[in-house]
Structures are given as structure tokens and as C-alpha cells.
Amino acid sequence: MNPAVKDAAHVVDAAAVMGLLTARPRLLALGEPTHGENGLLDLRNDLFRQLVEQEHYRTITIESDCMMGLVVDDYVTSGTGILDEVMERGFSHGWGAFAGNRELVSWMRAYNGGRPAAERLRFAGFDGPLEITNAASPRQALTALHAYLTARVDAGLLPCAAETLDGLCGTDDRWTDPAAMMDPSRSVGRTPEANQLRLLADDLVALLDAQTPGLIAASSRDDWDRARMYGRTATGLLRYHFWMADTSPSRLARLLGVRDSMMAANLLAVAERGPALVNAHNSHLQRDKSRMRMGDLPVEWWSAGAIVSAYLGERYAFLATALGTIRHQGVDTPPPDTVEGLLYALPEDRYVIDAHRLAAILGDVTPAPRVSPWFGYAPLDPAHLTGLDGIVFVKDAPPS
């Protein structure tokens with residue numbers, strides 16, 4: 001190990017993280033190189049508690065369905081629901097089954113008990129209602145937006161009745177057909193009904209914007225914020241379904257770009273509320289352009305983090321998490337010439353690394369890229385080192 005690497009390493013706590021940054025970020029993004037490791041979720045929870053207690057952070061947002069996340073937010077802010085049901089209905093991608101997420105929600109609810117609304121912690125999902133195999137129907141988001149507007153604006157301003165939206169949406173399984181992910185001909189995204197829904201969704205969002213002063217006065221800023229999220233989700237889903245029906249070579253790049261663009265819009269809305277911790281895969285939070293191969297086709301797009309960083313500048317900070325081993329998944333000791341290998345030689349189990357200091361120590365020496373034997377783990381790309389504000393390094397991930 002290069003002894004100077006120790007100079008870039010610090011204990012993992014909120015003070016050390018803030019010490020790496022030139023400004024207090026509105027969004028502090030903590031990435032992870034793999035999903036589902038409870039050790040990483042425990043580290044995230046510890047850091048969030050410190051940010052709450054020492055830095056007055058009030059929101060955490062994770063890579064989960066933004067619509068489902070409302071169930072969790074209602075629970076942690078007001079106690080609505082039962083914890084078991086909240087964990088089942090409030091998370092997408094199966095995240096509700098992980099102990100670290102349950103502990104986070106339980107702690108947030110306990111923290112909020114007896115506190116005034118302005119001091120309560122908030123939860124948000126920032127992903128769209130998108131799974132790996134399909135995308136949701138736009139019905140829920142469209143009808144929620146329509147209902148919000150119907151209760152508060154003159155009926156003559158509405159572009160359609162609720163029944164019209166319902167009829168155009170049809171059955172939800174038309175939209176969620178898994179075959180459409182790989183077969184554009186199975187998508188309903190360019191049918192006459194879908195095209196009409198895109199126009200109506202645009203009109204509903206425009207009406208929401210035009211009526212903003214009266215809507216906030218007649219409801220609340222929180223209710224208006226939720227309505228904006230309904231609008232972003234409805235238009236984003238309809239756009240996603242439109243590109244699912246595309247047959248051009250750019251189809252997959254479009255879909256990946258639309259998803260991260262939806263994520264970015266939700267993150268920017270979260271940032272309006274105040275400082276927040278963001279937790280997602282490194283690939284969604286990085287500043288560099290994302291690239292991957294899908295079959296024989298190279299695909300590239302800008303991640304949510306890259307988009308948000310372009311808007312917020314130094315008010316966005318990104319810490320990438322790197323792992324030494326995940327032995328229960330066949331990921332063993334990293335080669336010493338990789339970034340993970342350099343950090344693995346440090347004596348302690350966890351560090352936060354000053355990425356800029358590490359890059360200066362390495363100088364012209366470019367670490368070798370690590371190759372993962374397991375598809376579920378993405379090693380740190382050494383070419384992205386200068387785009388990081390810090391690295392959270394965990395030496396060994398224990399079995400979850």
C-alpha cells in the first residue's frame with residue numbers, strides 16, 4: 001500500500017463527510033455498488049441519523065417508486081398505517097423486505113413522535129413507477145392529479161372528465177405487459193388512446209402550474225407538491241411507454257434516459273424542501289455519463305446525478321460507496337492495483353476517502369479497473385475518480 005493513501009482516509013461520520021465539501025449540499029448523494037446488502041443500509045442509517053442530529057437534515061430519499069413512497073412518508077410523519085403494511089406497500093423493487101429499511105422507517109417514526117410539523121423527518125422515493133420488466137399504467141398518477149384539480153378549480157377549466165381518463169387508460173395489464181420491454185410491438189405507448197392521454201396529461205400539468213397561487217392557498221404546499229409529483233409521474237410514464245413502442249436502435253438509450261430524467265426531476269423537487277440524503281446505486285448518482293452494453297448494443301445516457309449536478313452545481317455532492325469483498329456472492333479480495341485493492345490494505349473496516357486527495361496522491365498512476373465475477377456488483381470505475389466528492393469504503397460485506 002502507498003502509505004500516503006492513509007492521508008486521504010477518515011472515519012465515517014457526518015463531520016468527516018462535511019469536511020470534504022466546499023459547500024453544504026442541498027442533496028448529499030450516497031451511492032452503493034450493489035443492492036440489498038444490509039451492512040450498507042446500516043451505514044446509510046447511521047450517517048442519516050448523524051446528519052439529522054448534527055446538520056439538521058430532514059429528508060431521506062431512496063431509489064424506490066415515488067408514488068409508493070407516499071405511504072412511507074404518511075407513516076413516518078403522522079403514524080398513518082401499520083408498519084408491516086407500510087413496508088409491503090411503500091417500497092418498490094422488494095426494498096421493503098430488507099431489515100435496514102425497516103429500521104430506518106421505525107427510527108424516523110419514533111423521532112417524529114411529538115415533534116411539530118416543521119421539525120419532522122420526511123421520506124421520499126425518487127424513482128418512477130418502473131420495474132425491470134415493465135412500467136406502470138399512468139392511471140394512478142393521472143387520476144390523483146385530476147382529483148386534486150377537480151376539488152379546487154373551476155370545472156370549466158378541466159380538459160376532460162375523470163371518466164375520460166379512465167376509458168382511455170383501459171385495463172392496467174395493457175400497460176404492464178412484460179413482453180413489451182423487449183418487443184416494441186407489444187407496447188400500447190403509441191396507440192391513439194395513449195397519444196390522447198399525453199395531451200391531456202400536458203393540459204392537466206399546465207393547469208396545475210397556472211393555478212398555483214390559488215391551489216396552495218386552498219390546500220397546502222405539501223398537497224400542491226404531491227400534485228406536482230403526480231403530474232411529473234404521469235407525463236414521465238406516458239413518455240416512457242411511448243419510447244417502449246419505438247423500433248429504432250436508440251430505443252434502450254431513450255428508455256434509460258427517460259427513467260433517469262424522471263429521477264432527476266423528483267430529486268430537484270426534494271431539494272426544494274431542504275437538505276436531503278439521497279441513497280441509490282452509484283450508477284444513478286454519478287456525474288459521469290453512464291455506459292453499458294445490452295446484448296451487442298452499446299448504450300449511453302446521462303444519470304440522474306449528472307442532471308441534478310448540472311442544475312445544482314456544488315449544492316450537489318456525491319459519495320460513491322466501494323466494497324472490498326462480498327464473499328457470499330463470490331467477490332473476493334480485490335487486486336492490489338485497483339482502487340478497492342489500495343483501500344483494502346488500510347487497517348480499519350470503514351473509511352470515508354477524500355477522492356480529490358486520493359487522485360492527487362496517485363498522480364499519473366491510473367488504477368486498474370476491477371472486474372466483478374458477479375453481475376450484481378459494479379466496481380468503482382477509476383476513470384470516474386475525479387468526479388467524486390468522496391468514497392465510502394467498506395472492507396467486507398457480511399452476509400445479509
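Everything that follows concerns the structure shown earlier in this document.
Residues numbered from 1 in each chain as written. Predicted model: local features only at pLDDT ≥ 70, side-chain atom pairs only at ≥ 80, totals over all residues. Heavy atoms only, no water.

Further remarks concern the overall build of the protein chain. Along the backbone of the protein chain there are 15 helices and ten strands. Along the longest, intermediate and shortest principal axes, the C-alpha atoms of the protein chain span 70 × 55 × 35 Å. Relative to its full complement of 400 residues, the protein chain shows a buried share of 53%. Taking the contacts inside the protein chain whose residues are at least 6 apart along the sequence as the reference set, 77% of them involve residues at least 24 apart. Approximately 17,100 Å² of the protein chain is accessible, and the part contributed by carbon and sulfur atoms is 53%. (Helix = DSSP H or I, 4+ residues; strand = E, 2+ residues; numbered from the N terminus. Buried < 20%, exposed > 50% of the residue type's maximum accessible area, 1.4 Å probe, protein only. Contact = heavy atoms within 4.5 Å. Areas by Shrake-Rupley, 256 points an atom, 1.4 Å probe, with all protein chains shown as cover.)

Bringing the pattern of salt bridges into the picture now. Summed over all chains, the structure comprises 20 salt bridges. Residue Glu-55 is joined to Arg-24 by a salt bridge in which the shortest nitrogen-to-oxygen separation is 3.8 Å. Within this pair, whereas Glu-55 is found in helix H2 (residues 38–55), its partner Arg-24 is found in the loop between helix H1 (14–19) and strand E2 (27–32), the two being separated by 31 residues in sequence. What makes Arg-24 partly exposed here is its relative accessible area of 43%. Note that Glu-300 and Lys-289 form a salt bridge whose closest N and O atoms lie 3.2 Å from each other. With Glu-300 in strand E7 (residues 297–301) and Lys-289 in the loop between helix H12 (282–285) and strand E6 (290–294), this residue pair connects regions lying eleven residues apart in the sequence. (Salt bridge = Lys/Arg side-chain N within 4 Å of Asp/Glu carboxyl O.)

Looking now at unusual backbone geometry. Even without a glycine there, the phi angle at His-56 is positive, about 60°. Its location among the elements puts His-56 in the loop between H2 and strand E3 (59–65). Judged by its relative accessible area of 55%, His-56 is exposed. One non-glycine residue, His-93, lies in positive phi territory at about 60°. Here His-93 falls in the partly exposed class, since its relative accessible area comes to 21%.

All right, on to helix H8 (residues 192–210) then. Here H8 spans 27 Å end to end across 19 residues, near enough to the 27 Å set by a 1.5 Å rise per residue. Residues of H8 that are buried include every one of Ala-194, Leu-197, Leu-200, Ala-201, Leu-204, Leu-207 and Leu-208, and no others. For H8, the angular spread of buried residues about the axis comes to 135°, placing them on one side. Among the exposed residues of H8, those oriented more than 90 degrees off its buried face are Pro-192, Leu-199 and Ala-210. In this structure, the buried residues of H8 make contact with helix H6 (139–150), helix H7 (162–169), helix H9 (212–218) and helix H10 (221–244). (Expected span 1.5 Å × (residues − 1). Arc of directions from axis to C-beta.)

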